[in-house]
Amino acid sequence: ASAAPAAPGPTATPQPSPAAAAEERYAELARIYQAMKPKAAAAVFEQLAMDVQVEVANRMRERSTALIMASMTPKGAAALTMAMARRSPAWTPVG
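Residues numbered from 1 in each chain as written. Predicted model: local features only at pLDDT ≥ 70, side-chain atom pairs only at ≥ 80, totals over all residues. Heavy atoms only, no water.

## A look at the overall build of the chain
Put simply, the rule is: Numbering goes from the N terminus for both helices and strands, where a helix is a DSSP run of H or I of at least four residues and a strand is a run of E of at least two. A contact between two residues is defined here by any heavy atoms of the two lying within 4.5 Å.
A count of helical and extended segments in the chain gives five helices and zero strands. Secondary structure elements of the chain, listed N to C terminal, follow the sequence α-α-α-α-α. Looking at the chain alone, contacts between residues at least 24 apart form 70% of all its contacts between residues at least 6 apart.

Dropping the structure here:
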């Protein structure tokens, strides 16, 4: 006697890859910072780890990034600029 085929189990919803999940988190943070007033965003932005600053800034519109960087301390804006320049020679801001 052959065994009856197993009933199909519940279909699992595919989970996003870790890279896709990280991309969405950074994109969401970019939208949040773009919605803030530049001076307030800059005050918080400078407190973030540099890698987070770069990832978020890369996903923001160029104008939003510029306004936030203009409100940062010169040291903070320079550090972010250097980190962005080192990260990728082909960096292209969104928008």
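## Overview of the nonpolar core
Applicable threshold: We define a nonpolar core as any set of buried Ala, Val, Leu, Ile, Met, Phe, Trp, Tyr and Cys residues linked to one another through side-chain atoms lying within 4.5 Å. Think of it in three bands: with a 1.4 Å probe and only protein chains considered, a residue is buried below 20% of the maximum accessible area for its type, exposed above 50%, and partly exposed in between.
Ranked by size, the top nonpolar core spans 16 residues in total, and within it Tyr 33, Phe 45, Val 56, Met 60, Ile 68, Met 72 and Leu 80 carry the most contacts. Put simply, the parts of the chain that give this core at least two residues each are helix H1 (18–35), helix H2 (38–45), helix H3 (50–59), helix H4 (62–71) and helix H5 (74–87). Broken down by element, the residue count for this core peaks at four residues, all from H5. Residue contacts for Val 56: discarding those within four places in its chain leaves Tyr 26, Leu 29, Ala 30, Tyr 33 and Phe 45.

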